[in-house]
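# Structural overview
Okay, here's what each chain looks like letter by letter:
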Amino acid sequence: MDNNERRKQPLFPIGIVKKLTSLSARQIRYYEEHKLIQPTRTEGNQRLFSFEDVDRLLEIKELIDQGVNIAGIKTVLGTIDGTPPVADIKEVEEKNDLSDKELHDLLQAHIQEHIAKPSMNNPLIQGQLHRFFRR
DNA sequence: CTTCTGACA
DNA sequence: TGTCAGAA
């Protein structure tokens, strides 16, 4: 059993994750709905999070604290089921109040043309995010 | 007692 | 996002 496997092991319930991330259960469930994380379930339908999930939630929290909204977070971290991180977001510079879908579609179109490096934490991205994805 | 889903004075 | 209800 390698370390990567350990990181994916479903281990803790939402109560523990709340303490580990300082996020509310409401937020944690909300981020799951938006495919930012993918905790497994127990037989009783209870969520079980892995170290990997906690790490992602920590990254999400950082962005939330920086004032980045869901759309912005998806742009930086990408979703669990596909959407990779994006780098260039100049295209949305003027548009500041896009809905998640509009922004998603706009970014997807952009990705088609300028295939960017899926960097988990591109300094250039984070530096501009607060300007384009302010709540 | 803890967590889950759905809903909104 | 918080919080309440009703169920598991």
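In this text the structure is predicted, and so the values were computed from the model without any measurement.

Rules used in this analysis
- Residues numbered from 1 in each chain as written.
- Chains lettered and ligands numbered in written order.
- Predicted model: local features only at pLDDT ≥ 70, side-chain atom pairs only at ≥ 80, totals over all residues.
- Heavy atoms only, no water.
- Helix = DSSP H or I, 4+ residues; strand = E, 2+ residues; numbered from the N terminus.
- Buried < 20%, exposed > 50% of the residue type's maximum accessible area, 1.4 Å probe, protein only.
- Lys, Arg positive; Asp, Glu negative; His and termini not counted.
- Salt bridge = Lys/Arg side-chain N within 4 Å of Asp/Glu carboxyl O.
- Contact = heavy atoms within 4.5 Å.
- Near = heavy atom within 4 Å.
- Polar contact = N/O pair within 3.5 Å; in protein donor to acceptor, adjacent residues only side chain to side chain.
- Core = buried A, V, L, I, M, F, W, Y, C linked by side-chain atoms within 4.5 Å.
- Domains from an automatic or database assignment.
- Axes fitted to C-alpha atoms, helices over the stretch in contact; angles between N-to-C directions.
- Parallel < 35°, antiparallel > 145°, perpendicular 65-115°, else oblique.
- Left-handed = near helix turned anticlockwise from the far one by under 90°.
- Phe/Tyr/Trp six-rings, centres within 6.5 Å; stacked < 30°, edge-to-face > 60°.

This part is about the side chain of Arg56. Relative to the helices and strands, Arg56 is located in helix 4 (residues 51-65). Look at Arg56: it is buried, it has no salt bridge, and the nearest opposite charge is Glu59 at 5.3 Å. Apart from the residues within four sequence positions on either side, Arg56 is in contact with Leu36, Ile37, Leu77, Gly78, Thr79 and Ile80.

Attention shifts here to the protein's contact with DNA strand B. Inspection of the region around DNA strand B gives Pro13, Ile14, Gly15, Arg26, Arg29, Arg41, Asn45, Gln46 and Arg47 as its neighbouring residues. Counting only atoms of DNA strand B within 4 Å of the protein, the fraction found in sugar and phosphate groups is 92%. Here Gly15 contributes a backbone N or O atom positioned 2.7 Å from a phosphate oxygen of DNA strand B. Within the side chain of Arg41, a nitrogen or oxygen atom sits 3.1 Å from a phosphate oxygen of DNA strand B.

Membership of the largest hydrophobic core comes to 20 residues, with the highest contact counts inside it found for Val17, Ile28, Tyr31, Phe49, Leu57, Ile60 and Ile73. Secondary structure elements with two or more residues in this core: helix 2 (14-21), helix 3 (25-33), helix 4 and helix 5 (70-77). In terms of residues, this core owes the most to one element, helix 4, which gives five residues. Taken together, domain 1 (1-65) and domain 2 (67-135) each give at least three residues to this core, which thus spans both.

All right, on to the packing of helix 2 against helix 4 then. Relative placement of two packed helices is described by the angle separating their axes and the distance separating the axes. Between helix 2 and helix 4, the least distance of the axes is 10 Å, while the angle of their chain directions is 45°. The orientation of helix 2 with respect to helix 4, classified from their angle, is oblique. Crossing geometry of helix 2 relative to helix 4 is assigned as right-handed. Note on element contacts: helix 4 touches helix 2 through Val54, Leu57, Leu58 and Lys61, opposite Val17, Leu20 and Thr21.

This part covers the packing of aromatic side chains. Enumeration over the complete set of coordinates arrives at two aromatic pairs. Here the aromatic rings of Phe12 and Phe51 are separated by 5.3 Å at their centres, their planes lie at 85°, and the arrangement is edge-to-face. In this pair, Phe12 is assigned in the loop between helix 1 (3-8) and helix 2 and Phe51 in helix 4, connecting sequence segments 39 residues apart. You can call Phe12 buried: its relative accessible area is 12%. Given a relative accessible area of 42%, Phe51 falls into the partly exposed group. A centroid spacing of 6.0 Å and a plane angle of 65° characterise the contact between Tyr30 and Tyr31, whose relative ring orientation is edge-to-face. Overall, the relative accessible area of 31% leaves Tyr30 in the partly exposed class. The buried category is assigned to Tyr31, whose relative accessible area is 3%.

For Thr75, the location among the structural elements is in helix 5. Separated by 2.8 Å, the side chain of Thr75 and the backbone oxygen of Ala71 make a polar contact.

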